[in-house]
Amino acid sequence: SRIFDGPTGTASYSIDLPDGGNVIIKNNIIEQGPKSQNPAIIHVGGPAYPGTNIQITNNTIINDLHSSSAVAVLNQLTIPVTLTGNDVYGLTSSQIAKGPASVSGTTLLTSEPPLYTTHPWQVGTVPPDQLVAYLSESIAPGNAQFIVSVDGKQLGGQQLGAAQTVTASQPTSHSETFSFSGSFGPGSHTIAIDFSGDTGTAAQKLYVGGIDYDGKHYAADTATLAKGGIVTFTVAGSIGAAPGTGVVGQN
C-alpha cells in the first residue's frame, strides 16, 4: 500500500493501532508530510488485546516533518514491537522506535525516494506497452501454435499462457499480425516466441518476421523455427512510468 500525506496533508498518525493486536505491516510506502499533526508515524497503544504481536517489515518509511520529536514507531505498550528490514528516510537511528522495540536490518536512506502517485494499474494515466509479432507458417497439415512471453511471463488471450494459432502461409507471402498490450515496466525486456507445437505433422515450421515494441521494429532476429524452437528479442525503452504490474491481454 501507499500511505502518503503529501505536501499539504494534515493527518495525525499514518497508522494507528490503539489497542495492539496481531498485526503485520509489510511492503508499504509510508510518508509523513511536513504538515502532519503528530510526529509519530506509526502508533501502538493499549491496553493491548491478548496475543498482541506487532511485525513491521520491509517498508519504506519517509519522514518529511521537520521535528526533533519525529519517530517511525511510538510504542506505548510494555510488549516490544519488531521492526526488520525497513528503509527509512528523514530519521536518525535513534528515531526509529520510541518504547519497547526489537530493531534490525534498518537502512537509513540518504536521498528521498520518489512518491509514485499514478494509478496502480496505470489506467488512463500511462499508455500501455504495445507488442506486435509478425508470424506465418509453412504449408504442412495443421497449424503452428506458439506462446509469447515477456521476461519469462507468458502472454495469451482469455486464458493466460494459452497457445495461439497461426493460419497465414509464408510460402504465399502472407503473414499474420498478433498484438498484445500491457504495463511491463521501464527498462529493457526479453521477448520470447516459442513454437510450442502444431495441430498437424512435425514438418510444420513457424516463421518469425520480427516484432514491434512500443513503436520500434525489431527484425534482426527473424527466424524459421521447428517445433520446440524459441527466438528471443531484447527490447528497450518501455513507456510505463512506474513499476510494471504485468496486466496483459491480446487484441
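Just so you know, these numbers come straight off a predicted model, no measurement behind them.

Chemist: Help me out: how do you make sense of the nonpolar core in this one?
Modeler: One recurring pattern in soluble globular proteins: nonpolar side chains tend to sit buried together. Among the nonpolar cores identified, the biggest contains 24 residues, and Leu131, Leu135, Ile193, Leu206, Ile211 and Phe233 are the most heavily contacted of them. Taken together, the elements giving at least two residues each to this core come down to β14 (129-137), β15 (144-150), β18 (176-182), β19 (189-198), β20 (206-213) and β23 (230-235).

Chemist: Where do I start with the sheet that holds strand β8 (residues 71-75) in this structure?
Modeler: Think of a sheet as strands paired side by side through backbone hydrogen bonds, with each pair either parallel or antiparallel. Strand order in the open sheet formed by 4 strands is β2-β5-β8-β11, with parallel pairing between adjacent strands. Looking at which strands have only one partner, the edges of the open sheet turn out to be β2 (15-17) and β11 (97-98). Bridge count between β2 and strand β5 (residues 40-44): 3 bridges; the pairing is parallel. Counted as the bridge partner of Leu17 is Val44 from β5.

Chemist: Could you clarify how one ought to interpret the side chain of Asn38 in this entry?
Modeler: If you trace the backbone, Asn38 turns up in the loop between β4 (29-32) and β5. Side-chain polar atoms of Asn38 contact the backbone nitrogen of Ala40, separated by 3.1 Å. Excluding anything up to four places from it in sequence, Asn38 contacts Ala11, Ser12, Tyr13, Gln32 and Leu65.

Chemist: Sorry if this is basic, but what is going on with the environment of Gly51 here?
Modeler: Within the fold, Gly51 resides in the loop between β5 and β6 (53-57). A relative accessible area of 61% means that Gly51 is categorised as exposed. C-alpha separation for the pair Gly51 and Asn22, spaced 29 residues apart in sequence, amounts to 6.7 Å.

Chemist: What exactly am I supposed to notice about the confidence of the model for the protein here?
Modeler: Detailed reading of predicted coordinates is not advised where the pLDDT is low. Taken as a whole, the protein shows an average pLDDT of 83; of its residues, 83% reach a score of 70 or greater. The element-level mean pLDDT for the protein is lowest in strand β24 (residues 248-250), coming to 28, with β8 highest at 98. Taken as a whole, residues 238-251 scores under 50 in pLDDT and shows 52 contacts with residues more than four places along the chain or in a different chain.

Chemist: For this particular structure, what's the right way to read the environment of Asn38?
Modeler: Asn38 sits in the buried class, given a relative accessible area of 16%. Note: C-alpha distance between Asn38 and Ala70 (32 residues apart in sequence) is 8.1 Å.

Chemist: Please explain the sheet that holds β4 as it appears in this structure.
Modeler: If you walk across this open sheet you meet the 5 strands as β1-β4-β7-β10-β13, and the pairing is parallel. Looking at the sheet topology across the chains shown, the edges are occupied by β1 (2-4) and β13 (107-109). Averaged over neighbouring strand pairs, the angle between their axes works out to 15 degrees when direction is ignored. In terms of strand pairing, β4 meets strand β7 (residues 60-63) through 4 bridges, oriented parallel. Considered in β7, the bridge of Gln32 is made with Asn63.

Chemist: Can you walk me through the pairing of β6 in this structure?
Modeler: Each regular strand displays side chains that alternate between the two surfaces of the sheet. As paired elements, strand β3 (residues 22-26) and β6 share 5 bridges and run parallel to each other. Bridging across to β6, Val23 finds its partner in Ile54. One ladder, built from 3 bridges, connects β6 with strand β9 (residues 81-84); its direction is parallel. Paired with Thr57 across the two strands is Thr84, which belongs to β9.

Chemist: Please explain the pairing of β5 as it appears in this structure.
Modeler: In terms of residue burial, β5 counts as a mostly covered element, since 5 of its 5 residues are buried. As paired elements, β5 and β8 share 4 bridges and run parallel to each other. Paired with Ala40 across the two strands is Val71, which belongs to β8.

Chemist: Teacher, can you tell me more about the packing of aromatic side chains here?
Modeler: Evaluation of the coordinates by the stated rule reveals 1 aromatic pair. With 4.8 Å between their ring centres and 75 degrees between their planes, Phe146 and Phe178 make a pair best called edge-to-face. Taken together, the residues span a long stretch of sequence, with Phe146 in strand β15 and Phe178 in strand β18 at a distance of 32 residues.

Chemist: Whenever I open this one, unusual backbone geometry confuses me. Can you help?
Modeler: Look at the link from Gly46 to Pro47: it is a cis peptide, with omega at 15 degrees. Examined against the element boundaries, Pro47 turns out to sit in the loop between β5 and β6. If you check the backbone angles, Asn27 has positive phi at about 60 degrees while not being a glycine. Inspection of the secondary structure assignment puts Asn27 in the loop between β3 and β4.

Reading the values: the criteria
As a convention, each chain's residues are numbered from 1 in the sequence order in which they are written. Residues qualify for local features only when their pLDDT is at least 70, as the model is predicted, and side-chain atom pairs are given and counted only at 80 or more; totals for whole chains, interfaces and linings, by contrast, use all residues. Only heavy atoms go into the side-chain values, all of them from the structure, while hydrogens and water stay out. As used here, the term nonpolar core means buried Ala, Val, Leu, Ile, Met, Phe, Trp, Tyr and Cys residues forming a set that is joined through side-chain atoms within 4.5 Å. Accessibility here uses a 1.4 Å probe with only protein chains present; expressed as a share of the type maximum, an area under 20% marks a residue as buried, one over 50% as exposed, and anything in between as partly exposed. Comment: elements are numbered from the N terminus, with helices defined as DSSP H or I runs of at least four residues and strands as E runs of at least two. Pairing between two strands is assigned when DSSP locates at least 2 bridges connecting them. Polar contacts, as counted here, are pairs of nitrogen or oxygen atoms within 3.5 Å of one another; within protein the pair requires one atom able to donate a hydrogen and one able to accept it, and residues that are adjacent in sequence qualify only if both atoms are side-chain atoms. Two residues form a contact once any of their heavy atoms are found within 4.5 Å. Predictor confidence is given residue by residue as pLDDT, running from a minimum of 0 to a maximum of 100. Every axis in this analysis is a line fitted to C-alpha atoms, fitted for helices over the stretch in contact. Angles between the N-to-C directions lie between 0 and 180 degrees. Two rings from Phe, Tyr or Trp (for Trp, the six-membered ring) form a pair when their centres are within 6.5 Å of each other. A pair whose planes differ by under 30 degrees is stacked, one over 60 is edge-to-face, and the rest are tilted.

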